[in-house]
Each structure stands twice: as structure tokens, then as C-alpha cells.
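Residue-level structure breakdown
What follows is each chain in one-letter form.
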Amino acid sequence: MSQNKYKDNRPLNILGIDIPKVGLERYKLFEVSIFLQGSYLNPFDPQEINVEGIFEDQYGNQYRVPGFFYQEYKRELKDDYEYLTLVGDPYFKIRFSPVTIGSYKFFIKVKDKIGKEVSSNKYTIYVKESEKPGYIRVSEKDWRYFKFDNRRQFLPIGANICWSTSKGTYDYDEWFPKYAENGGNYFRVWLGPSWTTFALERESVKEYDLKNAWKLDYVLNLAEKLNLYIMFCFDSYNELKYQREGAYPYWEHTPHYEKNGGPLKEPKDFWTNNEMIKCYKNKLRYIVARYGYSTNVFAWEFWNEVDIISPTAFVIGEVKKWNKDMAKYLNSIDPWKHLITTSFAYSLGEPEIDSISELNFLQTHIYQSNRYIDALLSLIAYKEQYRKPHLVGEFGLDAGGNDPWVDPNGYAIHNAIWTTVLSGASGTAMSWWWDNHIHPNNLYFHYRALADFVKDINFLEEKFERLTNYKFNVYNREIKVMGLQGKKYILLWLYNMREAYQYKKDIPNMDSLKFLGSIELLIKPPIKVIYYDTYRGEKIRDLDLGENVIPIIEFERDLAIKIELLGEGE
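Let's talk about the sheet that holds strand β6 (residues 68-78)
Each strand in a sheet pairs with its neighbour through backbone hydrogen bonds, running either in the same direction (parallel) or in the opposite one (antiparallel). Spatially, four strands are ordered β1-β3-β7-β6 in an open sheet, and the strand pairing comes out antiparallel. In the strand order of this sheet, the two ends are held by β1 (8-18) and β6, each with one partner. Strand-to-strand twist across the sheet, computed as the mean angle between neighbouring axes with direction ignored, equals 45°. Pairing between β1 and strand β3 (residues 30-40): seven bridges, direction antiparallel. Looking at β3, one finds that Asp18 is bridged to Ser33. Sheet strands in contact with helix α1 (residues 169-181) are β6 and β7 (81-96), and its direction is about 75° off that of β6. This element, helix α2 (residues 210-226), spans β6 and β7 of the sheet and lies at about 75° to β6.

Rendered as C-alpha cells:
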């Protein structure tokens, strides 16, 4: 993209405003198109041209919503390649989502680089209630979990779907319905490095790729239709890693580098260079302006695995200060206050950064082929010290991509999602291998079984604690158990240690007529016990018991048990 491609040098004037005439609903998009002329070189820089929507509700609360530069496209698929063609000329937009019902007054204000300012007329809009649950927050009832504004819980179930093949958005047309049909509700996309599908900074850190931004619009709209929620990851370690340092490095090609037109001489300058800080804040502003309205944006993630940038660039004090400062800035410009996080390659994280209050939840990335169930349990317990929600943001047997060949049936994905949810994490472990493993091997059914198992469980109200008080008695089997004990339910996941890490076997069958032992719990009967097939998502059988010794039916690999406490609270 050539610098100043979209420059204008005409006197500032609002030529027209297109305001939708349809009725407006709470939490839904209200989009205003603004046609203007002005004196600016770069329409992505608010110091050159600053477009704002000023909204005020009937209670006097004001929302300042940044505008953004927009280009419409239409898409076409030819020979498995997505082509976008221009539709009309570029212009500015304001996207707003009201959080209260009632009336709002608003106007548009524009200021150009020479300091001239113009404003539109004032308009009134009326907002009625909608079925949308609102934005995602950390629950005040249980800090481990997420909730919507309407207090309904949000338990993330899904995988990374960070970029596409050459088919672009057409891949998401195929992938998204599969997750939605199988209980998935969450995914992650990357906005960097510049080679990915949605990279805004394809050629410049000062001007954004409007084609990629349009693709992300499309994907977000599709997610909204299917009730899927997205975490936007802004940048990845690759951008600040020299080629000589390995691990998919990209520094020499990144638009941040001065030889490619960026402001940085070395990766280490990213955290302190004033021009880079300005560019990054402009990018945050553009992202909030374009996508922040959506309730289906779950969270903003600053970095993917920032700790493995060039060692010369990872200066913990500078990285910590940058995260605090950027999180404060992002929160200040985001009228909807989306959650903010970041991630590390080192599974234990970075305590100095994980502990800062400006980051709302934690992540773990783990690629481990040996006894990863135990590793996940340890990491979940370890990170509870921060008293923040915790997601396993990336999971795989091998960071090099061998999972599809080692584990064609997705048993590792299966084990990881059951382990995380049944041990107190905030959602499922997120598989990294969405395009070469989950989709081609049709592994979506793993999510369906887990989603069905927990669909009637209110994690916010249960006050779950990890199961510790039990007596386990099984015959000639190496069975392990984990679970959560709450006010009304106990959730158990049992797995056979001899089979858990075996991958070259068919999907197992269950035998509900045979028993291999029992588990005795410290509970008050009567209870209802339901046994679940964790692969087919089916109830195997149920029992009404007047005692606290629960039989364990025969299983090959693993088994889920849901226990309803009928006698508690009487």
C-alpha cells in the first residue's frame, strides 16, 4: 500500500450523512455513513482527520465513538481463491451499539490536520430492548468464569481459527457452522503478522489493509448470526523476531522495520519508540471504531506469545509498562469496555505481567505430548493465585504440526477440553490445529459431547470446588478421576491412564451393564446419577440412589458422570 494513497486536500466539509431509518435495538449495530472532504494525508491517523460520533443517552451518559475509514468490496471464489473487488469509493463510518434502552441524541464531529472543526446537526434515535445478552464480563459471583451483561454465563467452547487458506472468508462459511452445530461458541483470530488473512498492517503500520478489514467484517457478521464469540489477537511474536533466531521469524519483512517504511531500527525499540507508540494507539483506535460495537467480540488480546520475540527485545520492565499503558489507553477509548488479555509461549506465563490489574484474564499455551493431562491440572491450579479467569488459549501435542498424523481421531483434543472444563478453567483448551486437523478429520463431535454435558450447569451459581474428598475403588484398572463439586451438582470425568495417551484406536464403545468399581463421595443422598458417553454425546444410563457410593460402569477410554444432589439444602 503506497503511503498517502487516500490523501485529500480540500476544505473540510461534511457532504452528507446516511442514517438508517430502521428501529434500533439494544446491543445491536447502529451504523452511520459519513461522506466528507478535508485536508489530510492519511485517513487512518486521527491527528490528520478525526471523525467522532458523540452519543448521549436520556440519563446524560456520553459515549464518544471514534469513526473509521471504510471501503466496500464484493467477494468471489475462483479456483479456490477469494477475490475482492471494489464497490464504490471509500468513506467514513461510525458504528455504535447502545447499552441502554430509551432515547439517544447524537451528532458527528470532524477535525482535520490544520485544526478546522465541523459538526453535523443533532439527531435523536430510540432504542428498544433486544434478545441479545450484552457484552462479556468477568463474573462477580465467581472470578473464574465469564458472564454477559444480562448475567447469563459464558463458558468458552471452541478452537483457534486464526486465519484461512486461499479461500479466505469462504473457509469460514464452511468452518463456522460446524462449530455452531456442535456446541462451539468461541474462536480466536489473528490480526498480525502481515501474512495472515486479517492482517491490518499488510504493508504499513500507518495505513491499514481495507480488504483484510472487510474480510474481518464479514467473519464477525457471520459469527453474530451463529452466536460465536471472537478474541482478536492484535500481534504475534514473529513480527519482532530476527530470521536468524528461528521459529517462524518475520522481522526483516515486517512493516514495523525502518527498511520497510516503519519507525523501528531494531525489535527492542517497539516498546519505547514514540512514533511506534503513536502508530499502535492509532491501530487500537481503528479496531475499536470498526469492531468494538459488537457484543460478539469477546476480548482484545495484545500479543500472541510475546515472550519469544527476539531476546534482545523482551525486556520485562518495558513490556510490563507497555501492557499497563496500552491496556489503560484501550479501555479509555473503548466505550463498551471489552476484556483485555495477552499470551506467552512459556506455559507458566510471566508473573510480572499476568498480575497487572489492567489485564482481565490469563492464558496458557501448552504443546506437550507426554502426560499433558497432569500438566494442565498443575497449570490451572498454579494460575489460580492471580484470581482471574484462565483459558488455555493454545493446545497441541506438537508445535510443529504433527497432531493430525499422531492423533487422527482427536483424542488429545478430547482429553484437553474435558480436563480444562472439569478442573476449574474458564473454558475449553483451544486446539491450534483447526485447518489441518479438526476440519479435515471432522473432529467437531468432541465439542458437541462436552457442550451437551454442561449445558444445564450454571457455573456462576454452583460455587464449584475441585473434587478432593472421595474414596475410589476400581478393579484391575488404572483409573484417574477429576471433577467439580458444587451446590447442586457434582461433575466427574474419569479416564483410563493406560488408554489416555494411545491414539491409533477407533472411537470406543461403552458397556452400561458392567461395572468396574465405585466412588464414594462426601454427600447427602438421595442423588441422581447420569452416565455420559463423552464421544457420542449421549446419556448411557441413569440411576436414582439413596446412598453416596456411586457405581462406575465399564469404559475403555473415559467416562463422564453428572450427579444431581437431590437431598442438599433440605
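Describing the layout of surface pockets
When its volume is computed, the largest pocket comes out at roughly 670 Å³. Taken together, 28 residues form the lining of the largest pocket, with Phe148, Arg152, Asn185, Asn227 and Tyr229 sitting closest to its centre. At three residues, the largest contribution of residues to the lining of the largest pocket is made by helix α10 (residues 445-454). Here the residues of the lining of the largest pocket sort into 14 nonpolar, seven polar and seven charged.

Quick notes on the sheet that holds strand β23 (residues 479-485)
Spatial ordering of the open sheet is given by β21-β23-β24-β29-β26-β27, a layout of six strands whose pairing is antiparallel. Among the strands making up the open sheet, the edge pair consists of β21 (465-466) and β27 (538-545). Sheet analysis places strand β26 (residues 527-533) next to strand β29 (residues 558-565), joined by six bridges and oriented antiparallel. By the bridge assignment for β29, Ile527 is matched with Leu565. Contacts from helix α8 (residues 411-421) reach β23, β24 (489-496) and β29 within the one sheet, and its direction differs from that of β24 by about 150°. Contacts from α10 reach β24, β26 and β29 within the one sheet, and its direction differs from that of β29 by about 15°.

Quick word on α8
Extensive coverage of α8 is indicated by the burial of eleven of its eleven residues. Among the residues of α8, those classed as buried are Tyr411, Ala412, Ile413, His414, Asn415, Ala416, Ile417, Trp418, Thr419, Thr420 and Val421.

The rules we used
- Residues numbered from 1 in each chain as written.
- Predicted model: local features only at pLDDT ≥ 70, side-chain atom pairs only at ≥ 80, totals over all residues.
- Heavy atoms only, no water.
- Pairing = 2+ DSSP bridges.
- Helix = DSSP H or I, 4+ residues; strand = E, 2+ residues; numbered from the N terminus.
- Axes fitted to C-alpha atoms, helices over the stretch in contact; angles between N-to-C directions.
- Contact = heavy atoms within 4.5 Å.
- 1 Å grid on protein atoms, 1.4 Å probe; cavity = no way out; pocket = protein on both sides within 12 Å on 5 of 7 lines; lining within 4 Å.
- Points joined across faces, edges and corners; volume = space filled by probe spheres on them.
- Nonpolar A, V, L, I, M, F, W, Y, C, P; charged D, E, K, R; others polar.
- Buried < 20%, exposed > 50% of the residue type's maximum accessible area, 1.4 Å probe, protein only.

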